[in-house]
Amino acid sequence: MLDPWWELYSETGYKTAVEVADLLDQSNERWKRSKSPFETDPLASALTQDMGPLLPNNEEGWSDWLARLLRQSAALVSELFDKDVGLVPDEVIREDRLLKEEGGSRRPDILILYPDRGFSIEVKLDDTHYRKTAETTRLTERDYPDQEWTHTLLLPKKNIDRLRSKVDPLVRRHPKEGLQIEWETAGPVSVMYWQDVTTAIRTLLRQGEAVDDHWAANAYLFCAAAEQQLMKFQPHPTIDRMAKPANVVETIQPITLSRILGEQLTYLRERMDYE
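Nothing here was measured: the structure is a model prediction, and the numbers come from that model.

Chemist: Got a minute to help me understand the packing of aromatic side chains in this structure?
Modeler: In this description, an aromatic ring pair is defined by two values, namely the gap between the centres and the angle between the planes. Enumeration according to the criterion identifies 11 aromatic pairs in this entry. With centroids separated by 5.8 Å and ring planes inclined at 65°, the aromatic side chains of W62 and W194 adopt a geometry described as edge-to-face. Of the two residues, W62 is situated in helix α2 (residues 59-72) and W194 in helix α6 (residues 194-206); the sequence distance between them amounts to 132 residues. Through successive ring pairs, a cluster of aromatic residues spans W62, W65, W194 and F222. Positioned over the ring face of Y267 is R271, at 4.6 Å from the centre of the ring.

Next comes the structure, spelled out in structure tokens:
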């Protein structure tokens, strides 16, 4: 009885892998023709810990890396928050200590400061303590009253159902602002996914908007690492083996990764249309 189901499931996974492989081929051609200093898609190679820089394995490491990119690039701040900031931030602060009235403190992950505006980012991987974001937001606005604030909760897209279960009915979608958490005690917090960050970086690199070669290399590696480590997207060599399997393991792999391959296919299609 399982044979027809297995054949259908196998065929679906295989077809998805073939489509992803084709899109990566097309993307490599686009990168080659673009203004980017890199000629291949960030997913062109598999990243491993022995390739050079140590890759982060926790929220603090990813926050540090993202803060470094934002600190040097006005274009990345503008692209990420859809605000034309013009200049690099006056300051990017990691884990500022905001004292609570009743004792203790909150530490916002990233604060991006300009004279009259500010952007906060709460960075999440597997931590689902989303409700503390409201207090952190309120304390940020209290301690930095001269800025008009844009607050963001950055999390993996797969965690959106967990977010809703924790803070519903506060999560609402707006025509312009997108998905937001509307706290009663603080300003609204926009929901951002990690793939929004990698999309912004891909766009800037392809447009030749890198600060310099060092920033470009750092941003390119960040993008590749986030896509492979956080989103679990498969690099081009792995995809090619799935599209042209040579053994049982490579034949079964698209089935076990069917959900991720589907998400990767959608992501790459959107990048092809977006960029």
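Chemist: How should I be thinking about unusual backbone geometry in this particular structure?
Modeler: Comment: phi is negative for the bulk of residues other than glycine, and the bulk of peptide bonds are trans. Of note, D82 is a non-glycine position whose phi angle comes to about 55°, a positive value. Within the fold, D82 resides in the loop between α3 (74-81) and β1 (91-94). The backbone of K232 sits at a positive phi, close to 65°, despite the residue not being glycine. In this fold, K232 is placed in the loop between α7 (213-230) and α8 (236-243).

Chemist: What exactly am I supposed to notice about empty space enclosed by the protein here?
Modeler: Over the atoms rolls a probe the size of a water molecule, and in doing so it shows where empty space is left. Enumeration according to the criterion identifies one cavity of 30 Å³ or more in this entry. Every residue lining the largest cavity is listed: S120, E122, T133, T136, T137, T140, H151, T152 and V189. In terms of residue count, the dominant contributor to the lining of the largest cavity is helix α4 (residues 132-143) (four residues).

Chemist: I keep staring at the layout of surface pockets and nothing clicks. Help me out?
Modeler: One number sums up the size of the largest pocket: a volume of about 1000 Å³. Contributing to the lining of the largest pocket are 29 residues, with L80, D82, K176, E177 and M192 lying nearest its centre. Mapped onto the lining of the largest pocket, the elements with two or more residues apiece are α3, β6 (148-155), β8 (178-181), β9 (189-193), α6 and α10 (258-274). A per-class count over the lining of the largest pocket returns 11 nonpolar, eight polar and 10 charged.

About the thresholds
Residues numbered from 1 in each chain as written. Predicted model: local features only at pLDDT ≥ 70, side-chain atom pairs only at ≥ 80, totals over all residues. Heavy atoms only, no water. Phe/Tyr/Trp six-rings, centres within 6.5 Å; stacked < 30°, edge-to-face > 60°. Helix = DSSP H or I, 4+ residues; strand = E, 2+ residues; numbered from the N terminus. Lys NZ or Arg CZ within 6 Å of the ring centre and 35° of its normal. 1 Å grid on protein atoms, 1.4 Å probe; cavity = no way out; pocket = protein on both sides within 12 Å on 5 of 7 lines; lining within 4 Å. Points joined across faces, edges and corners; volume = space filled by probe spheres on them. Nonpolar A, V, L, I, M, F, W, Y, C, P; charged D, E, K, R; others polar.

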